[in-house]
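If you want the building blocks of each chain, they are given just below.
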Amino acid sequence: MSEQNRQAVARYHNDFLKEVENHVEDGEWVKMCMQCGVCAGSCPLGNAWEHTPQKLFMMIRAGKRDEVLTTDSMWMCTSCYNCIVRCPRKLPITHIMHGLAHYAHRLGMAPKGQPTREVARLFWNNLAKTGRVNELKFSLAMYFKDGFMQGIRNALAMKGIGIGLMKAKRLNPMEILGGHKCKDKDGFRKMIAKAREIEDRGNKHAP
Amino acid sequence: MSKKQYAFYPGCSSQKGASASNFATSIDVMCEKLGIQLNEIPDWNCCGASIGYGEGGLLPRLAISARNLALAEQNLPGQDMVSGCPACWLSTRETAEKLHESDSLLAETNEALKEAGLNLKGTVKARHIVEVLVEDVGFAGMKAPVVKPLEGMKIAGYIGCQTNRPFGIHGESFENPLYLDRMIEAVGAEAIASYDQKVTCCGGALAFSEPDKSQKQIRDIVESAYDHGAEMIVTPCQLCQANVEIYQSEINKKQGTQLAMPVVYYSQLMSVAYGGNAKQAGLDGHVIQPRKLQEIAGK
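Residues numbered from 1 in each chain as written. Chains lettered and ligands numbered in written order. Predicted model: local features only at pLDDT ≥ 70, side-chain atom pairs only at ≥ 80, totals over all residues. Heavy atoms only, no water.

**Section: the overall build of chain A**
Threshold: Helix numbering and strand numbering both begin at the N terminus, where a helix is a DSSP run of H or I of at least 4 residues and a strand a DSSP run of E of at least 2. Charge assignment in this entry is limited to Lys and Arg as positive and Asp and Glu as negative, and neither His nor the chain termini are counted. Taken as the charge location is NZ of Lys, CZ of Arg, CG of Asp or CD of Glu.
Scanning chain A from terminus to terminus reveals 12 helices and zero strands. Order of helices (α) and strands (β) in chain A, N terminus to C terminus: α-α-α-α-α-α-α-α-α-α-α-α. The dimensions of chain A, computed from C-alpha atoms along their principal axes, are 55 × 40 × 30 Å. Put simply, chain A has 33 plus and 20 minus side-chain charges, and the middle of one group is 6 Å from the middle of the other.

Structure representation (structure tokens):
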């Protein structure tokens, strides 16, 4: 159990709703759900969710902390915002799902190796380096996330697509040498570090 | 006629050699003919896109979008910030609205921005290029420069998610927005009004992490276009364009289909209709060739 997780358990005991309200983006909205199920029925990947948003909201209120934080459900969100625009109570459901996923990730409780969690981590680390996404390095990092041999297999399987994009000048092999970046990438990095530090000392996201 | 001035936020995918570089090419002719001047925001950064939430918390995400807003505010005062990419627009507009509503979040964000030598007052409005076209130029304005109407072309207007939700274009419905069809008609083509996958999700960033689930969405989007007699799909979204075009060959390989539906941007239609050649319209940037559009551009 991570230290952060231990502190959260000690502080909130069984009041998981309170914990979510204090630490999850837009968590204060969870109590407003009236269990109509429109979100569950509107999600393009709805049948892939172990627990739909509707169910997650009730589980949070029922104190099912481990079940909520360890499920891969929130990682099925494609950020299509269908649930947000259809929710009759106007809950910012997409943001709450992102917030829950992020909180579970920060506590070290999100499922290990969950593909969307991995892609999200690689994407952020990619952009945080230079201020701009390097699509070539991001693609390669995704192929090789499960080890070198698997990476070679993945790259070969996607070879046709890669070559097609290079021909269309939409993937540049020279990006491996550095590629696009912010001039003030140092300031950009310091800014992100500061934002994280403020967040860790504040109310949201850090127990 | 003096041009309308906007602070332009291109976004990572629109850079040279990146996945939507042909979109970036195609808007030049469109903007020139419509009297739109896009002034690139100096040293802009990535918005975090829709997948940034996993590792980046709320405040780091607010900070990176706030940096772009602050750079626009400082360097291009008085200009609306305009993005061609729905993810860029969504992240930036969400940030602008969140910081407008909360003084404490604005103060914390500015504390982080100080590390990059910046400060945000919060005066900049974050808009999408489509908003500029619909609201500032208008459909008649989009029609005026047409010299090569795309007559006889049947096109499925595929808006996708983030251009449409949660903000969308003012006055349009989330379930059946009509502006893209009207833009298609403005350049002389036929929009398929009954295309039923107009606002379906292509899987977004999950095209990378959950390919089978995403490719199921893409297959529906493409097959419905075929079923309705479309010759091509037109979209305002960079990720939709890439996902829906690029993965058709994967779906064919795995599922024995024969999908080969071209997917282009509205700006490419406009560039061709306004007299741009194939290169100017970015038509050399496709994996599935939009032949009919290339033919019209070559005439």
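**Notes on the interface of chain B and chain A**
Our working rule: Note on contacts: a residue pair is in contact if any heavy atoms of the two residues lie within 4.5 Å. Buried surface area refers to the total accessible area, computed with a probe of radius 1.4 Å, that the two partners give up upon joining, counted for both partners together. The rule for a salt bridge is simple: a side-chain nitrogen of Lys or Arg has to be within 4 Å of a carboxyl oxygen of Asp or Glu. The term polar contact refers here to a pair of N or O atoms within 3.5 Å; inside protein, the definition further demands a hydrogen-donor-capable atom paired with an acceptor-capable atom, and it admits residues adjacent in sequence only when both atoms are side-chain atoms.
Every contact between the two is made by 65 residues of chain B and, on the other side, 64 residues of chain A. On the chain B side of the contact with chain A, Y53, E55 and E115 of chain B bury the most area, a combined 13% of that side's loss. Where E245 of chain B meets R170 of chain A, a salt bridge forms, and the shortest distance between an N and an O atom there is 2.9 Å. Across the chain B-chain A interface, the total number found is 30 residue pairs in polar contact (both at pLDDT 80 or more). Among the elements of the structure, α1 (21-34), α2 (58-75), α3 (86-101), α4 (103-113), α8 (206-209), α9 (211-227), α10 (238-246) and α11 (248-255) of chain B are those that each provide at least two residues to the side of chain B that touches chain A. Among the elements that take part in the side of chain B that touches chain A, α2 of chain B stands out by supplying seven residues, more than any other.

**Considerations on the pattern of salt bridges**
Rules: Think of it in three bands: with a 1.4 Å probe and only protein chains considered, a residue is buried below 20% of the maximum accessible area for its type, exposed above 50%, and partly exposed in between.
Here the structure, examined in full by the defined rule, presents 28 salt bridges over all chains. Between K18 of chain A and E21 of chain A there is a salt bridge, with its nearest N and O atoms 3.9 Å apart. Note that K18 of chain A and E21 of chain A are positioned in helix α2 (residues 16-23) at a spacing of three residues, about one turn of the helix. Among the residues examined, K18 of chain A registers a relative accessible area of 39% and is labelled partly exposed. Residue classification places E21 of chain A among the buried positions, given a relative accessible area of 14%. The residue K145 of chain A makes a salt bridge to D146 of chain A at a minimum N-O spacing of 3.4 Å. Three or more residues joined by partner-sharing salt bridges are found here, namely E25 and D26 of chain A together with R61 and K98 of chain B.

**A closer look at the packing of aromatic side chains**
Keep this limit in mind: Stacked, tilted and edge-to-face are the three classes assigned to paired rings of Phe, Tyr and Trp, where Trp is represented by its six-membered ring and a pair needs centres within 6.5 Å; plane angles under 30 degrees give stacked, over 60 edge-to-face, the rest tilted.
Counted by the stated rule, this structure contains eight aromatic pairs over all chains. On the numbers, 5.6 Å between centres and 80 degrees between planes, the contact of F138 of chain A with F208 of chain B is edge-to-face. Residue F138 of chain A is located in helix α9 (residues 135-143), and its partner F208 of chain B is located in helix α8; the two belong to separate chains. Residue classification places F138 of chain A among the buried residues on the basis of a relative accessible area of 6%.

**Side note on the environment of G17 of chain B**
As for its placement among the helices and strands, G17 of chain B is situated in the loop between β1 (4-9) and α1. Contact partners of G17 of chain B, with chain neighbours within four places excluded, come to K169, R170, L171 and N172 of chain A.

**Some points on the nonpolar core**
Put simply, the test is: Side-chain atoms within 4.5 Å link the members of a nonpolar core, which is a set of buried Ala, Val, Leu, Ile, Met, Phe, Trp, Tyr and Cys residues.
Formed by 83 residues in total, the largest nonpolar core has its most connected members in M97, L100 and M191 of chain A together with I41 of chain B. Element by element, the count of residues in this core is highest for α2 of chain B, at 10 residues. Apart from the residues lying within four places of it in its own chain, the contact partners of L100 of chain A are V20, V24, I60, V68 and M74 of chain A.

**Digging into the side chain of N134 of chain A**
All names here are of chain A. For N134, the location among the structural elements is in the loop between α8 (115-130) and α9. Polar contacts involving the side chain of N134 include one to the main-chain carbonyl oxygen of G178, which spans 2.9 Å. Apart from residues lying up to four places away in sequence, N134 is in contact with N126, E175, G178 and G179.

**Observations concerning the sheet that holds strand β5 (residues 154-157) of chain B**
All names here are of chain B. Heads up, the condition is: For two strands to pair, DSSP has to find at least two bridges joining them.
Taken together, the four strands give an open sheet; going across it, the order is β6-β5-β7-β8, and neighbouring strands pair in parallel fashion. The sheet terminates laterally at β6 (190-191) and β8 (263-265), the two strands that pair on one side only. Taken together, the three bridges between strand β7 (residues 232-235) and β8 define a ladder with parallel strand orientation. Its bridge partner being in β8, I233 is matched across the sheet by V263.

**A short note on the sheet that holds strand β3 (residues 81-83) of chain B**
Two modes of strand pairing occur in sheets, parallel and antiparallel, and in both the strands are linked by backbone hydrogen bonds. All names here are of chain B. Selection rule: Between the N-to-C directions of two axes lies an angle of 0 to 180 degrees, each axis being a line fitted to C-alpha atoms and, for a helix, fitted only over the stretch in contact.
Pairing within the open sheet is parallel, and its four strands lie in the order β2-β1-β3-β4. Looking along the sheet, the strands with just one partner apiece sit at the ends: β2 (36-40) and β4 (126-128). Averaged over neighbouring strand pairs, the angle between their axes works out to 45 degrees when direction is ignored. Here β1 runs beside β2; their pairing, made up of five bridges, is parallel. Bridge pairing in β2 places A7 opposite N39.

**Regarding the environment of G188 of chain B**
All names here are of chain B. Relative to the assigned elements, G188 resides in the loop between α7 (179-186) and β6. The sequence separation of G188 and V147 amounts to 41 residues, and the corresponding C-alpha distance is 10.0 Å. With residues near it in sequence (within four places) discarded, G188 still touches P149, L150 and E151.

**What about the packing of helix α4 (residues 53-61) of chain A against helix α7 (residues 93-106) of chain A?**
Residues and elements named next belong to chain A. Filter applied, for reference: When an angle is under 35 degrees it counts as roughly parallel; over 145 it counts as roughly antiparallel; between 65 and 115 it counts as roughly perpendicular; any other value is oblique. Handedness of a helix crossing follows the sense of rotation of the near helix relative to the far helix, less than a right angle counterclockwise being left-handed and clockwise being right-handed. Three classes are used, and their members are as follows: Ala, Val, Leu, Ile, Met, Phe, Trp, Tyr, Cys and Pro are nonpolar, Asp, Glu, Lys and Arg are charged, and the others, Gly among them, are polar.
Between α4 and α7, whose axes approach to 11 Å, the crossing angle comes to 60 degrees. Judged by the angle between their axes, α4 and α7 are oblique. You can see that α4 and α7 cross each other, and the crossing is left-handed. Contacts between α4 and α7 involve P53, L56, F57 and I60 from the former and I93, I96, M97 and L100 from the latter. Counted by class, the contact of α4 with α7 contains eight nonpolar, no polar and no charged residues.

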